[in-house]
Amino acid sequence: MIETIYIEENIRKHARVIDITARFPHARIITCERYAQVFNPKAQNFRLQKQQPALILAEKYKNFVLEAPTGYGIGASRNYYFSHMLNCLYDCRYCFLQGMYQSANYVLFVNYEDFQQEIRQLCNATPAEPIHFFSGYDCDSLALEPVTHFAGQFLPVFETLPNAWLELRTKSTQIRSLLAREPIPRCIVAFSLSPDAVAAKVEARAPSVQRRLEALVKLQEQGWQVGLRFDPLIYQTGYRQQYRQLFEQVFARIDLNRLHSVSLGVFRLPESYFKKLHKLYPEEKLFSGPMVSQKGMISYRQELEQEMMQYCTEQLLAFMPQNKFFPCTL
């Protein structure tokens, strides 16, 4: 899977680096001074690199944990996100990472302990106040779990912090490390879900919706809380029937008692990201849909966006209580 691994010179002997490179004995190893030398140059073709991304093992020095954008949280007042990794194993055509980064290579920051220390400091500063942390903003939280052991390393830390909540956002079925341990009550495994007709067109390399649902059910059966993220809503002919069938399919399987939250939001991208994606994939039908620019964001025209949100909201609330529903209106 990984044919080339770049390693920053000063972490060549880091235990996590040694473990990861041992998994890929035939990979070409290239050392570099800093990951940005490989990841940030402008003269790169994201679309071409996506066919065979390299893995870059790096050390992060600052900004381990960042305040989440306004409206990103699921009902909490203090929300943060952190990214142990940049870029994603999957190739979803709507993904904003393609507009954000110059490179499709994966960057893994191996100094997990520095992230964990900052998380502890934030929690200890206000021990009586719940703090929510989101993983999966700049990557999929679990897709490379067999390589990174991210969840396996971070869950024990969150288990010791009584005011810390963790959301693992994912499309992955790599849940073995979760099933191998006792559930943490304040951890939410949040699955992004789309209708089969949408996923088949714009969620390349991601597990099928059925496989994601099976993983979700296994986690619930063991006692994990799960979240459902119907975001982004994608418009196409027949979208009403497609999303209605998706909601019926999901709620026929899940346990409402172990459902933490459901979020809903339409497709939207910063205008600069949209232009870059459209240039990368000029033939992509998704980008030629009924889009408009509003306040620097590209999304569906307002009346269509409202129609989609209203319809899907009504459908969802027929299956679930409103206090677990969080529409995104960014």
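Scroll up to find the structure.
These remarks concern the structure in this document. Owing to the predicted nature of the structure, the values given are computational and were not obtained by experimental measurement.

What counts and how
- Residues numbered from 1 in each chain as written.
- Predicted model: local features only at pLDDT ≥ 70, side-chain atom pairs only at ≥ 80, totals over all residues.
- Heavy atoms only, no water.
- Buried < 20%, exposed > 50% of the residue type's maximum accessible area, 1.4 Å probe, protein only.
- Helix = DSSP H or I, 4+ residues; strand = E, 2+ residues; numbered from the N terminus.
- Arc of directions from axis to C-beta.
- Core = buried A, V, L, I, M, F, W, Y, C linked by side-chain atoms within 4.5 Å.
- Contact = heavy atoms within 4.5 Å.
- Expected span 1.5 Å × (residues − 1).
- Disulfide = S-S within 2.5 Å.
- Axes fitted to C-alpha atoms, helices over the stretch in contact; angles between N-to-C directions.
- Parallel < 35°, antiparallel > 145°, perpendicular 65-115°, else oblique.
- Left-handed = near helix turned anticlockwise from the far one by under 90°.
- Nonpolar A, V, L, I, M, F, W, Y, C, P; charged D, E, K, R; others polar.
- Phe/Tyr/Trp six-rings, centres within 6.5 Å; stacked < 30°, edge-to-face > 60°.
- Lys NZ or Arg CZ within 6 Å of the ring centre and 35° of its normal.
- Pairing = 2+ DSSP bridges.

This next bit is on helix H1 (residues 15-23). Since one α-helical turn is 3.6 residues long, residues separated by three or four positions face the same way. Arg16, Val17, Ile20 and Thr21 are the residues of H1 that are buried. An end-on view of H1 places all buried positions within 125° of arc, on one side of the element. Of the exposed residues in H1, the ones pointing more than 90 degrees away from its buried face are Ala15, Asp19 and Ala22.

Moving on, we get to the nonpolar core. If you look at the biggest cluster of nonpolar residues, it comprises 113 residues, and the most contacted ones within it are Leu57, Phe82, Phe133, Leu228, Phe251 and Phe267. Leu57 has contacts with Ile5, Tyr6, Ile7, Glu8, Ile11, Val17, Ile20, Thr21, Leu108 and Val110, leaving out every residue within four places of it along the chain. With five residues, the next largest nonpolar core counts Ala68, Tyr72, Tyr81 and Phe134 among its residues.

Taking 1.5 Å of rise per residue, the 14 residues of helix H5 (residues 112-125) would be expected to cover 20 Å, and the 20 Å separating its terminal C-alpha atoms lies within 8% of that figure. Taken together, the buried positions of H5 are Tyr112, Phe115, Gln116, Ile119, Leu122 and Cys123. Along the axis of H5, the buried positions cluster into a sector of 125°, meaning they face one direction only. Among the exposed residues of H5, those oriented more than 90 degrees off its buried face are Asn124 and Ala125.

Moving on, we come to the state of the cysteines. A complete count under the given rule lists zero disulfides for this structure. Distance from the sulfur of Cys312, which forms no disulfide, to the nearest cysteine sulfur (Cys328) is 14 Å. The class for Cys312 is buried, based on a relative accessible area of 0%.

The interhelical angle for the contact between H5 and helix H7 (residues 150-159), taken along N-to-C directions, is 25°, at an axis separation of 11 Å. Taken as axis vectors, H5 and H7 run roughly parallel relative to one another. Note on packing geometry: the crossing formed by H5 with H7 is right-handed. Within the contact between the two elements, H5 uses Tyr112, Phe115, Gln116, Ile119 and Arg120 and H7 uses Phe150, Gln153, Phe154, Val157 and Phe158. Its residues assigned to classes, the contact of H5 with H7 shows seven nonpolar, two polar and one charged.

On to the packing of aromatic side chains, then. For any pair of aromatic rings, geometry is given as the distance between the ring centres together with the angle between the planes. For the structure shown, the criterion picks out 22 aromatic pairs. With a centroid separation of 5.9 Å and an interplanar angle of 25°, the aromatic rings of Tyr80 and Phe133 are classed as stacked. Note that Tyr80 is positioned in strand E5 (residues 79-82) and Phe133 in strand E9 (residues 131-135), a separation of 53 residues in sequence. On the numbers, 5.2 Å between centres and 10° between planes, the contact of Phe251 with Phe319 is stacked. Residue Phe251 is located in helix H11 (residues 239-251), and its partner Phe319 is located in the loop between helix H13 (302-317) and strand E18 (325-327); the two are separated by 68 residues in the primary sequence. Aromatic rings pair up to connect Phe64, Tyr80, Phe82, Tyr112, Phe115, Phe133, Phe150, Phe154 and Phe158 into one cluster. Over the face of the ring belonging to Phe109 we find Lys60, whose NZ or CZ atom lies 4.9 Å from the ring centre.

Quick look at the sheet that holds E18 now. Read from one edge to the other, the open sheet built from eight strands follows the order E4-E5-E9-E10-E11-E13-E14-E18, with strand pairing classed as mixed. Both edges of this open sheet fall to strand E4 (66-67) and E18, since each of them pairs with a single strand only. Pairing of strand E13 (residues 225-233) with strand E14 (residues 259-266), which is carried by six bridges, proceeds in the parallel orientation. Each residue of the ladder has a partner; that of Val226, found in E14, is Leu259. Contacts from H5 reach E5, E9 and strand E10 (164-170) within the one sheet, and its direction differs from that of E9 by about 160°. The strands that H7 touches are E5, E9, E10 and strand E11 (187-192); relative to E10, the one it contacts most, it runs at about 160°.

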